[in-house]
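Architecture at a glance
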Amino acid sequence: MLPAPSLSPKELVNDDVYLMSETTQTTSPAAAGIRQSGSDSPAIAEPPREKLTKKAITADHPTWCPGCGDFAVLAAFYKVLEKRQLEHEKIVTLAGIGCSSRFPYFVNGHGAHYIHGRAVPLASGISLARPDLHVFLFGGDGDGFSIGGNHLDHGARKNINMTYFIMDNFVYGLTKKQTSPTSPIGFKSKTDPSGAIDQPVNPMKKLIAGGATFIARTHAAQVNHMILMIERAFDHQGFSVIECLSECVEFFPDVFDPANPKKGGSFEVIQEKKWDNTPEDELRHDVTDELAAYKLASLPFPGVFGVFYETDRPTKNALEKKWIEPTREKTGNASDLEILQKTFDRIK
Ligand SMILES: Cc1ncc(C[n+]2csc(CCOP(=O)(O)OP(=O)(O)O)c2C)c(N)n1
Ligand code: SF4
Ligand SMILES: [Mg+2]
């Protein structure tokens, strides 16, 4: 189990106090926590590299509306790449379709803007084929919980290695204000002119039930907290998901103010167990307790923020590797191309 966060609650709610730790400002892949290639290729000595800066990570200028919550998410992601020195060729940034799904355009690295709702299958293929890459997936509530809801469940139960960051704005932003699966009852939109009548999805409950092995919740107005959640998700082996309340200022303004202290709300952070045998610890949250996570997920809006659930379960990546390697040996360690060629030759 990973250690509990080392930032104090004050640090977590104050965007201005985040400082990069001295120990993490390094270009060494091992020290930076970069997953090493799962292949057996001999290590090639790499020349020393320049420190990765925000400038090098930045690609196109974001095209979101001024004030959109997604800008803060991008800034938090840049910070993590910079802090962990995650080189361009070691990451892949993927997305479906939506305003939030424009994300890969703005990150200098491998990336793809894919079909609406189909980003999890794409990410799954990349994750399984390229264990040396860290797969980051970004998208919206519509992409993740509506059209892609089924894929989300299967990525979760298979525990495929990736970090999925869902920018939940309770609306379809790109297509200009339709009810989304997380829109609250009564929300007036182009699809529900007299107010939504359907019970919304509870993302945390869906993810717990689906079998995701790391589940967290954050808010785009809390940059330090977002950074911490992304890092925790990145360090987790398996299907890690973060739901982030990210305001659509155009089509659902102010909806997340109740969780924003700068707008009179309250941002309540989950206090995780420290296992220090103190009476206070009895009240803290055990992230490995699925039922406790479910209870937290049942709290009324705006709920609480932090890690709801985390468990160790073998990833599909690791399980597949166990039979891919002996099978490869049987072919005399032939390359993918050679195996493909042999298959074609057989069916000629
Ligand atoms: C198969 C398919 N169905 C519908 C659409 C239209 N469409 C594009 S984005 C979108 C919803 C976007 O909402 P969300 O995922 O919440 O992202 P946001 O724009 O709010 O960030 C829809 C319905 C599409 N592009 N492809
Ligand atoms: S429409 Fe909403 S979600 Fe889309 S860019 Fe504008 S503010 Fe952001
Ligand atoms: Mg949305």
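This structure is a prediction, so every number in the text was calculated from the model and none was measured.

1. Considerations on the coordination of the magnesium ion (ligand 3)
- Ligation of the magnesium ion (ligand 3) by protein atoms is provided by Asp141 (OD), Asn169 (OD1) and Val171 (O), these donors lying 2.1 Å from the ion.
- Ordering the donors of the magnesium ion (ligand 3) by residue number gives the pattern D-x27-N-x1-V. Residue aspartate 141 is found in helix α5 (residues 141-147), and its partner asparagine 169 is found in the loop between β4 (162-168) and β5 (171-172); the two are separated by 28 residues along the sequence.

2. Details of the site of ligand 2
- As a matter of local geometry, ligand 2 sits amid Trp64, Cys65, Cys68, Cys99, Asn169, Gly173, Cys248, Val249, Glu250 and Phe251.
- Here the shell around ligand 2 is composed, by residue class, of seven nonpolar, two polar and one charged.

3. Let's talk about the sheet that holds strand β9 (residues 306-310)
- Spatially, seven strands are ordered β2-β1-β3-β4-β8-β7-β9 in an open sheet, and the strand pairing comes out mixed. Two strands close off the open sheet at either side, each with one partner strand: β2 (110-113) and β9. Strand after strand, the sheet turns through a mean of 15° between neighbouring axes, direction not considered.
- The sheet strands contacting helix α3 (residues 70-84) are β1 (91-95), β3 (134-140), β4 and β8 (239-245), and the helix crosses β3 at an angle near 170°.
- Where helix α7 (residues 203-210) meets the sheet, its contacts fall on β4, β7 (214-219), β8 and β9, and the angle it forms with β7 comes to roughly 165°.

4. Points about the site of ligand 1
- Surveying the vicinity of ligand 1 reveals 16 residues, the closest of which are Cys99, Ser100, Asp141, Gly142 and Asp143.
- One nitrogen or oxygen atom from the side chain of serine 100 is found 2.7 Å from an oxygen atom belonging to ligand 1.
- Contact distances for ligand 1 include 2.9 Å between an oxygen atom and a backbone N or O atom of leucine 174.
- Surface burial for ligand 1 is 74%, taken as the share of its 590 Å² of free accessible area covered by protein chains.

5. Re a nonpolar patch on the surface
- Taken together, the side chains of Leu337, Leu340, Phe344 and Ile347 make up a nonpolar region of the molecular surface, amounting to roughly 450 Å² of accessible area.
- Mapped onto the fold, leucine 337 is located in helix α12 (residues 336-347).
- Taking relative accessible area as the criterion, leucine 337 reaches 65% and is therefore assigned exposed.

6. Considering unusual backbone geometry
- Cis geometry marks the peptide bond from phenylalanine 301 to proline 302; its omega dihedral reads 10°.
- Even without a glycine there, the phi angle at phenylalanine 170 is positive, about 65°.
- Examined against the element boundaries, phenylalanine 170 turns out to sit in the loop between β4 and β5.
- Positive phi values are uncommon outside glycine, yet aspartate 254 reaches one of about 65°.

7. Re the confidence of the model for the protein chain
- Mean pLDDT for the protein chain: 89, with 88% of residues reaching 70 or above.
- Confidence drops under pLDDT 50 across residues 1-40; counting only partners more than four residues distant or on other chains, this segment forms 75 contacts.

8. Some points on the packing of aromatic side chains
- Under the criterion given, the structure shown has 14 aromatic pairs.
- Aromatic pair tryptophan 64 and phenylalanine 71: ring centres 5.3 Å apart, planes at 85°, arrangement edge-to-face.
- By relative accessible area, which is 8% here, tryptophan 64 ends up buried.
- Classification of phenylalanine 71 by relative accessible area gives partly exposed; the value is 29%.

9. Let's talk about the pattern of salt bridges
- In total, this model carries 18 salt bridges according to the counting rule given.
- Here arginine 49 makes a salt bridge to glutamate 89, at a shortest N to O gap of 2.5 Å. In this pair, arginine 49 sits in the loop between α1 (9-13) and α2 (54-57) while glutamate 89 sits in the loop between α3 and β1, placing the two residues 40 residues apart along the sequence.
- Residue classification places arginine 49 among the partly exposed positions, given a relative accessible area of 34%.
- Of the charged contacts, one joins aspartate 276 and arginine 284 as a salt bridge, the two residues approaching to 3.6 Å between their closest N and O atoms.
- Via salt bridges that share partners, Lys83, Arg84, Glu231 and Asp235 belong to a single interconnected network.

10. Some thoughts on the nonpolar core
- Formed by 35 residues in total, the largest nonpolar core has its most connected members in Val73, Phe103, Phe136 and Phe165.
- For this core, the secondary structure elements donating two or more residues are α3, β3, β4, β7, α8 (223-235) and β8.
- Among the elements that take part in this core, α3 stands out by supplying eight residues, more than any other.
- The contacts of phenylalanine 165, once residues within four sequence positions are left out, are Val73, Leu137, Phe138, Gly139, Thr218, Met226, Ile230, Ile242 and Cys244.
- Grouped together as the second largest cluster of nonpolar side chains are 29 residues, Leu94, Ala123, Ala212 and Phe308 included.

11. Notes on the packing of helix α6 (residues 149-158) against α7
- Relative to each other, α6 and α7 sit at 45°, their axes nearing to 8 Å. When the axis of α6 is compared with that of α7, the two are oblique. In this structure, α6 uses Gly149, Leu152, Asp153, Ala156 and Arg157 to contact α7, whose residues at the interface are Lys206, Leu207 and Gly210.

Criteria and cut-off values
- Residues numbered from 1 in each chain as written.
- Chains lettered and ligands numbered in written order.
- Predicted model: local features only at pLDDT ≥ 70, side-chain atom pairs only at ≥ 80, totals over all residues.
- Heavy atoms only, no water.
- Donors = N, O, S within 2.8 Å, 3.2 Å for Na, K, Ca; no water.
- Helix = DSSP H or I, 4+ residues; strand = E, 2+ residues; numbered from the N terminus.
- Near = heavy atom within 4 Å.
- Nonpolar A, V, L, I, M, F, W, Y, C, P; charged D, E, K, R; others polar.
- Pairing = 2+ DSSP bridges.
- Axes fitted to C-alpha atoms, helices over the stretch in contact; angles between N-to-C directions.
- Contact = heavy atoms within 4.5 Å.
- Polar contact = N/O pair within 3.5 Å; in protein donor to acceptor, adjacent residues only side chain to side chain.
- Areas by Shrake-Rupley, 256 points an atom, 1.4 Å probe, with all protein chains shown as cover.
- Patch = residues over 30% accessible without salt bridge, like charges linked within 9 Å, V, L, I, M, F, W, Y side chains within 5 Å.
- Salt bridge = Lys/Arg side-chain N within 4 Å of Asp/Glu carboxyl O.
- Buried < 20%, exposed > 50% of the residue type's maximum accessible area, 1.4 Å probe, protein only.
- pLDDT = per-residue confidence, 0-100.
- Phe/Tyr/Trp six-rings, centres within 6.5 Å; stacked < 30°, edge-to-face > 60°.
- Core = buried A, V, L, I, M, F, W, Y, C linked by side-chain atoms within 4.5 Å.
- Parallel < 35°, antiparallel > 145°, perpendicular 65-115°, else oblique.

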